[in-house]
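# Coordinate analysis (summary)
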Amino acid sequence: MFCWKSAQDYEWRQIEAISLVLSKHYKLLEFLFEKQRPRLRRSPEDLLEESLCFSSGERTLIRVALDFWSGSGNAKIWELFETLDQGNFENVLVGLQYLGVKSHGGGDQPFAN
């Protein structure tokens, strides 16, 4: 989907985690990211403003994806419970676990000591 020749390893890890979160909503990846470079398509603020046309669940996923990418989504935990269906909620957890395992080298366990 992306042709990011200049992407660093951490950027690939982030986009892989975001892809897990958005696995039921691939159109949101195109909404968020440039195809040729590992960059957001617009500023986080502009993307959040543009996202008003999406459903509340999709907007929550966009916020989570922005948090995974740059900490700029300001997703709230209560939003996950209130707006996401079971499948999307589980995808967020899978994305978090993926980042935890990869970031901490914890084998099968995220955040292993």
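Keep in mind the model is a prediction, meaning the values are calculated, not measured. (Residues numbered from 1 in each chain as written. Predicted model: local features only at pLDDT ≥ 70, side-chain atom pairs only at ≥ 80, totals over all residues. Heavy atoms only, no water.)

Let us look at the environment of Leu29. Residue placement: Leu29 occurs in helix H2 (residues 26–32). With relative accessibility at 1%, the residue Leu29 sits in the buried group. A sequence separation of 11 residues divides Leu29 from Ile18, and the C-alpha atoms of the two residues are 8.1 Å apart. (Helix = DSSP H or I, 4+ residues; strand = E, 2+ residues; numbered from the N terminus. Buried < 20%, exposed > 50% of the residue type's maximum accessible area, 1.4 Å probe, protein only.)

Summed over the entire model, instances satisfying the criterion amount to 3 aromatic pairs. Centre to centre, the rings of Phe31 and Phe54 are 5.0 Å apart; their planes meet at 80°, and the pair counts as edge-to-face. Taken together, the residues Phe31 in helix H2 and Phe54 in the loop between helix H3 (44–50) and helix H4 (56–70) connect sequence positions 23 residues apart. Classification of Phe31 by relative accessible area gives buried; the value is 11%. Note on Phe33 and Trp69: the rings are 4.9 Å apart at their centroids and 70° apart in plane angle, and the pair reads as edge-to-face. With a gap of 36 residues between them, Phe33 in the loop between H2 and H3 and Trp69 in helix H4 connect regions that are remote in the sequence. Each member of the pair Phe33 and Trp69 is classed as buried. The ring of Phe31 carries Arg41 above its face, with NZ or CZ at 5.0 Å from the centroid. (Phe/Tyr/Trp six-rings, centres within 6.5 Å; stacked < 30°, edge-to-face > 60°. Lys NZ or Arg CZ within 6 Å of the ring centre and 35° of its normal.)

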